[in-house]
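# Residue-level structure breakdown
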Amino acid sequence: MCGIFCYISAAENSLSDGEEIFQTCCPLLSSRGPDESGRLVYDSRVLLYGSVLWHQGAKLCKQPLETDRTVLLFNGDIFQPRDDEEESDTQWLLRRIETCSEEDDLRQLFREMRGPFSVIFFRKEERRVYFARDSMGRNSLLVGRSKRADGGLFITSVSGNIPSNDVCELPPAGLYFVDLGAPFMTGLHPWVETDGTHTLFGSIVTASKPKRDRAPSTEKAHQVGHCHQVQAYFNFRELTHGKELPVEEAYEHLLKSPEVDRVCETLLATLRESVKERVVRTTKYCKNCLKTMMPPQCTHPKVGVLFSGGIDCTVLALLADEYVPADCPIDLLNVAFEKVTRDRNKQSQPVDWNVPDRLTGHSSLRELQQLRPNRVWNFVGINVSRAELNARQKTISNLVYPLQTVLDESLGAALWFASRGAGQVHGIPYTSPCRVLLLGSGADELFGGYTRHRTAFERSFRERQKLGDTETEAIDWAYGALEAELQLDWERLPSRNLARDDRVIGDNGVTPRTPYLQEDFVASVQSLRVNQKCYYPLGVGIGDKLILRLCAYKLGLSEVCVLKKRALQFGSRIADRRQNAADLSMFLENPSNL
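This text gives an overview of the structure that appears in the document. (Residues numbered from 1 in each chain as written. Predicted model: local features only at pLDDT ≥ 70, side-chain atom pairs only at ≥ 80, totals over all residues. Heavy atoms only, no water.)

### Topic: the packing of helix H7 (residues 258–280) against helix H9 (residues 311–320)
This is how it is decided: For helices, the fitted line uses only the C-alpha atoms of the stretch in contact; every axis is such a line through C-alpha atoms, and the angle between N-to-C directions lies from 0 to 180 degrees. Strands are runs of DSSP state E lasting at least 2 residues, helices are runs of H or I lasting at least 4, and numbering of each runs from the N terminus. Note on angle classes: values under 35 degrees are labelled roughly parallel, values over 145 roughly antiparallel, values of 65 to 115 roughly perpendicular, and the remainder oblique. Crossing handedness follows the turn of the near helix against the far one: under a right angle anticlockwise gives a left-handed crossing, and clockwise gives a right-handed one. Residue contacts follow a heavy-atom distance rule, with two residues in contact if any of their heavy atoms lie within 4.5 Å. For this scheme, ten residues count as nonpolar: Ala, Val, Leu, Ile, Met, Phe, Trp, Tyr, Cys and Pro. Four count as charged, namely Asp, Glu, Lys and Arg, and the remainder, Gly too, count as polar.
Relative to each other, H7 and H9 sit at 70°, their axes nearing to 9 Å. The angle between the axes of H7 and H9 places the two elements in the roughly perpendicular class. Seen along the crossing, H7 lies across H9 with a hand that is right-handed. Counting all contacts with H7, which are made through Leu 271, Arg 272, Val 275 and Val 279, the residues of H9 involved are Val 315, Leu 316, Leu 319 and Ala 320. A class-by-class count of the residues in the contact of H7 with H9 yields seven nonpolar, no polar and one charged.

Next comes the structure, spelled out in structure tokens:
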């Protein structure tokens with residue numbers, strides 16, 4: 001994890017505006033990389049800065065990383081096998097970049113790279129600056145244009161609300177470049193050829209902001225996982241004979257199918273590998289011990305889980321137990337917010353912190369303790385008062401920017417306080433020293449876990465029945481509608497969730513890692529038909545994300561696998577269901593309101 005920044009001036013010896021923008025961004029960039037930082041000015045037109053949160057390699061690699069041919073800024077994790085596991089992934093990447101003689105070689109290098117990333121690098125001979133996000137958009141990269149007549153372009157992990165500048169999230173569409181030669185030329189080498197990709201970058205750097213969901217489809221942008229396609233020959237309706245079964249009976253019955261059991265084993269094996277590489281590839285010190293690198297064997301928590309107690313995060317916690325050293329606790333970070341009340345009689349009463357996610361969190365903790373009694377599970381109850389939330393609102397608004405809705409505000413706040421990790425364990429004040437936070441991001445989009453997915457299915461089913469379709473015909477049509485809804489959510493995931501979460505969590509010197517979004521796992525799930533992922537007629541908390549629930553059941557999570565989906569903003573009680581999530585936040589739209 002790093003904070004990376006680049007300003008490219010439109011003319012020689014014209015970096016004054018870039019210095020001002022950099023000074024605005026610098027505090028936020030520094031928080032992302034507390035271990036080391038550096039800056040470099042090249043050719044009187046390019047300002048580069050990098051701050052480092054060290055994870056991979058035996059030694060910390062300072063950024064910018066420079067040779068006589070290249071200057072590199074890298075924010076991310078590379079999970080490709082390497083000949084020298086002691087080498088930093090940033091150094092590995094620089095060597096690979098310098099073996100690329102053609103731009104198409106560069107495009108292929110980043111298109112096939114395993115792991116989340118955003119990158120900026122300058123090729124000195126060509127006098128070109130290149131930058132990109134991985135095709136799933138897991139890491140943040142923002143782009144903006146200075147408003148000054150002689151101003152230039154800036155690219156940054158996080159910006160804050162910079163006055164008089166338009167900033168947007170860079171669509172994860174390919175490898176972009178800016179040529180410093182005359183004229184000031186920009187371009188894009190897309191991961192996948194789609195309509196509009198060649199003109200996309202020009203629209204991004206104009207005065208008008210692109211729409212939030214503007215990014216082209218990233219479907220099939222990653223080719224590395226295609227060998228993990230799952231050939232499965234079943235659908236849940238046939239296996240249940242169209243009947244609603246009791247929970248335990250349903251799971252036992254479905255897992256008797258050799259095909260269902262094989263698919264679950266395949267998914268679990270791939271997810272295990274994803275969790276393993278995200279748990280193992282980090283430094284052997286927690287936040288506190290890293291400052292002195294003492295003692296030689298740090299046994300404090302280094303890996304935490306954003307823990308609501310739901311199926312997505314509990315599966316990750318149970319799999320993480322397999323790879324975290326036995327003498328290191330795992331922190332389960334559970335956040336609750338003080339409820340807003342307009343009843344003056346209740347304002348003086350003690351705050352009830354037993355929000356829905358706190359209750360399910362404790363329930364799932366008990367199941368983890370039963371299954372893994374030798375593991376120390378630190379259940380970190382993070383209680384956030386409205387006064388503390390208001391005190392941190394400006395920081396959160398700057399991190400969430402350029403997104404500005406009530407939903408962004410709510411989720412941004414929940415993730416910021418969770419990743420800060422300041423709460424209680426067994427009633428004793430505790431601050432998590434973890435440097436990695438596992439998130440369940442992507443599971444709902446892959447497996448059909450949101451209420452709107454069920455709604456799309458049921459609405460289409462009713463409409464087709466009214467038109468005279470048989471039940472079988474109506475269900476087949478409804479699955480088509482569900483598939484379209486899932487694809488839409490998948491395409492919107494980078495612009496709606498991932499970059500924002502990366503900016504917010506990174507501010508606490510913590511790296512978010514998302515095992516469900518590993519390339520091989522995504523390829524495996526997306527190779528299944530939609531009627532093999534979920535079956536809504538089995539009821540809420542069973543039919544949604546059914547194949548994932550069956551995986552959890554196989555792991556022994558018999559209670560967790562029947563929990564209903566609950567959005568973080570409601571489960572933590574930060575948001576009011578009466579609010580419209582798409583409305584502009586009065587704080588995020590105009591931080592001066594604070």
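### Re the pattern of salt bridges
Where charged atoms from two side chains of opposite charge approach closely, those side chains can pair. Which entries qualify depends on this criterion: In what follows, salt bridge is the name for a side-chain nitrogen of Lys or Arg lying within 4 Å of a carboxyl oxygen of Asp or Glu. Each residue's exposure class comes from its accessible area (1.4 Å probe, protein chains only) as a fraction of the maximum for that residue type: buried when under 20%, exposed when over 50%, partly exposed otherwise.
Here the structure, examined in full by the defined rule, presents 35 salt bridges. A salt bridge links Arg 128 to Glu 103; its shortest N-O distance comes to 2.4 Å. You can see Arg 128 sitting in strand E7 (residues 128–133) and its partner Glu 103 sitting in helix H3 (residues 103–111), a full 25 residues away along the chain. Classification of Arg 128 by relative accessible area gives buried; the value is 13%. For Glu 519, the salt bridge is made with Arg 138, and the minimal N-O distance between the two is 2.7 Å. Highlighted residues: Glu 519 in helix H18 (residues 519–526) and Arg 138 in the loop between E7 and strand E8 (142–145), separated in sequence by 381 residues.

### Observations regarding the pairing of strand E17 (residues 428–431)
The following threshold applies: One requirement defines pairing of two strands: DSSP has to find at least two bridges between them.
Where strand E16 (residues 422–425) and E17 come together, four bridges link them in antiparallel fashion. Its bridge partner lying in E17, Gln 424 is registered against Pro 429. Counting the residues that bridge the hairpin from E16 to E17 gives two residues, and of these His 426 lies at a positive phi of roughly 55°.

### Looking at unusual backbone geometry
Cis geometry marks the peptide bond from Gln 63 to Pro 64, where omega comes out at 0°. Of note, Pro 64 is situated in the loop between strand E3 (46–52) and strand E4 (65–66). Residue Pro 402 is bonded to the preceding Tyr 401 through a cis peptide linkage, with omega at 15°. Summarising the element assignment, Pro 402 is placed in the loop between helix H13 (393–400) and helix H14 (406–420). Even without glycine at this site, Ser 44 takes up a positive phi of about 60°. Residue position: Ser 44 is located in the loop between strand E2 (36–42) and E3.

That's the geometry; what it means functionally is another story.
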